[in-house]
Amino acid sequence: MSEERTRAPRDPAGRKKAIELAAAELIAHEGTKKLTHRRVAERAGVPLGSTTQYFSSIDELRHAGLAVLAQQVGEDYEGMFRRIREQGGTADAFANELVAYLADMKQVNADAAFVAAAVHDPAIRALYRSACEFAIAQCVPFMSETQARAFVIYLDGLTVDACLLDNPARPDDVRFAVHAIMGAALDDGGCNLQP
């Protein structure tokens, strides 16, 4: 009696998603320059032919990985602003979230890779602009639009600074800057930051 082989069910959508996630992880860790179909296939645990089946060019694969990063940035922003709202939207709530963000270098590196790609790629730049507009809109209930734009610029600066210096900003410096942006008093022995 012959034994029938049990074949794993085909999951093209799952395989494609695994490839996109692997591309995003490689981009977040190493940037876009070292991205290859072979390295993505190894990271995703799929045959090399699968990466070229779904993404015929390295540009398509890079865009797919960056789109995943953009989605992750959006999800991270949603979580951050939800927690800020839960804490009352105070300057301390914003500062606490930035300090927590800087402690997660995996997330910081992914965000920096996304920002760097946006510099040279108009399609990614559009995703970046959407993320910034979302962040500004989330800030506006707690500060003016000008302050919200300054906060988003500061957030981008913190991200790049943490990656380039391998040393995130000190929590006290973050608190000082956020209080200054929001025009809130900082309780540290009489320092009052008013606009």
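Residues numbered from 1 in each chain as written. Predicted model: local features only at pLDDT ≥ 70, side-chain atom pairs only at ≥ 80, totals over all residues. Heavy atoms only, no water.

(A) Looking closely at the packing of helix 4 (residues 58-86) against helix 5 (residues 91-102). For the pair helix 4 and helix 5, the least separation of the axes is 9 Å and the interaxial angle reads 145°. Crossing of helix 4 against helix 5: the hand is right-handed. Across the interface between the two elements, M80, F81, R83 and I84 from helix 4 touch A93, F94, E97 and L98 from helix 5. Looking at the contact of helix 4 with helix 5 residue by residue, the classes come out as 6 nonpolar, no polar and 2 charged. (Axes fitted to C-alpha atoms, helices over the stretch in contact; angles between N-to-C directions. Helix = DSSP H or I, 4+ residues; strand = E, 2+ residues; numbered from the N terminus. Left-handed = near helix turned anticlockwise from the far one by under 90°. Contact = heavy atoms within 4.5 Å. Nonpolar A, V, L, I, M, F, W, Y, C, P; charged D, E, K, R; others polar.)

(B) Region of interest: the pattern of salt bridges. Applying the stated criterion to the full structure yields 9 salt bridges. Where D92 meets R175, a salt bridge forms, and the shortest distance between an N and an O atom there is 2.4 Å. One end of the pair, D92, is in helix 5; the other, R175, is in helix 9 (residues 171-182), and 83 residues separate them in sequence. Using a relative accessible area of 24% as the deciding quantity, one classes R175 as partly exposed. Here the residues in one salt-bridge network are D59, R62 and D121, joined through shared partners. (Salt bridge = Lys/Arg side-chain N within 4 Å of Asp/Glu carboxyl O. Buried < 20%, exposed > 50% of the residue type's maximum accessible area, 1.4 Å probe, protein only.)

(C) Structural view of the nonpolar core. In this structure, L69, F81, F94, L98, F151 and V178 are the most contacted members of the largest nonpolar core, which totals 58 residues. Listing elements by their share of this core, those giving two or more residues are helix 1 (12-30), helix 2 (37-44), helix 4, helix 5, helix 6 (105-120), helix 7 (122-139), helix 8 (145-165) and helix 9. At 11 residues, the largest contribution of residues to this core is made by helix 4. Those residues in contact with V178, other than ones at most four positions away along the chain, are A91, F94, A95, L98, F151 and Y154. (Core = buried A, V, L, I, M, F, W, Y, C linked by side-chain atoms within 4.5 Å.)

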